[in-house]
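Here is what each chain is made of, one letter per residue.
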Amino acid sequence: MPGLLRGVARTAVVAGTATAVSNRVSRRQAGRWAAQDEQSMAQQQAAAPPAPAAPAMGDDMSSKIDQLKELGALKDQGILTDAEFAQQKSRILGT
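Residues numbered from 1 in each chain as written. Predicted model: local features only at pLDDT ≥ 70, side-chain atom pairs only at ≥ 80, totals over all residues. Heavy atoms only, no water.

J.: Lay out the overall build of the chain with the relevant residues and their values.
T.: Looking only at helices and strands, the chain features three helices and zero strands. Helices and strands appear in the chain in the N-to-C order α-α-α. The 95 residues of the chain split such that 5% are buried. Counting every atom, the chain has about 8000 Å² of accessible surface; 60% of that belongs to carbon and sulfur. (Helix = DSSP H or I, 4+ residues; strand = E, 2+ residues; numbered from the N terminus. Buried < 20%, exposed > 50% of the residue type's maximum accessible area, 1.4 Å probe, protein only. Areas by Shrake-Rupley, 256 points an atom, 1.4 Å probe, with all protein chains shown as cover.)

Written out as C-alpha cells, the structure reads:
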C-alpha cells in the first residue's frame, strides 16, 4: 500500500507542476503577443497614408448632377423603370 500511495503522490506533484508551468508559459506568450500586436498597430498607424481630403462641395454637387442626368437619359430611353429611377435617385442624393 505505501508504494501505491507514493505513486499517487508523485503523479499529483508532477501533474500540479506541469499545470503551473503550462499556465505560466501561456501567460508569458499572451503578454508577448499583446506587445507584438501593440507594436504592429503602432507601425501600421505610422505607415498609413493620410486620409484623402474631402471633395469640394461644388465638385460633389456637379458629380451628383451628372449622375442624375445619366439616370434621366436611361429612363427616357426606357432602360430604367420609374421605380428604379426613384431608387437610384434617392441613393445618389442620399435621402
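That was the structure; now back to the text.
J.: How would you summarise the environment of L71 if you had to cite specific residues and measurements?
T.: Within the secondary structure, L71 is located in helix 2 (residues 57-76). A relative accessible area of 9% means that L71 is categorised as buried. Taking the C-alpha atoms as reference points, L71 and F85, separated by 14 residues in sequence, lie 6.7 Å from one another. Apart from residues no more than four positions distant in its own chain, L71 is found in contact with L80, F85, Q88, K89 and I92. (Contact = heavy atoms within 4.5 Å.)

J.: Mind laying out the confidence of the model for the chain, listing which residues take part and the relevant values?
T.: Chain-level pLDDT for the chain is 81 on average; 82% of the residues reach the 70-or-more range. Model confidence for the chain, summarised as mean pLDDT per element, is weakest for helix 1 (residues 2-47) at 82 and strongest for helix 3 (residues 82-93) at 89. (pLDDT = per-residue confidence, 0-100.)

J.: Describe the packing of aromatic side chains, listing the residues and the values that go with them.
T.: In this structure the tally under the stated criterion is zero aromatic pairs. When the ring centre of F85 is taken as reference, the NZ or CZ atom of K75 above it lies at 5.1 Å. (Phe/Tyr/Trp six-rings, centres within 6.5 Å; stacked < 30°, edge-to-face > 60°. Lys NZ or Arg CZ within 6 Å of the ring centre and 35° of its normal.)

J.: With reference to specific residues and values, describe the pattern of salt bridges.
T.: Counted under the stated rule, the structure contains two salt bridges. Where D82 meets K75, a salt bridge forms, and the shortest distance between an N and an O atom there is 3.4 Å. (Salt bridge = Lys/Arg side-chain N within 4 Å of Asp/Glu carboxyl O.)

J.: Tell me about helix 3, and please be specific about residues and values.
T.: With 12 residues, helix 3 extends 16 Å from end C-alpha to end C-alpha; this agrees with the ideal 16 Å at 1.5 Å per step. Just downstream of helix 3, G94 is the residue with a positive phi angle, here 75 degrees. (Expected span 1.5 Å × (residues − 1).)

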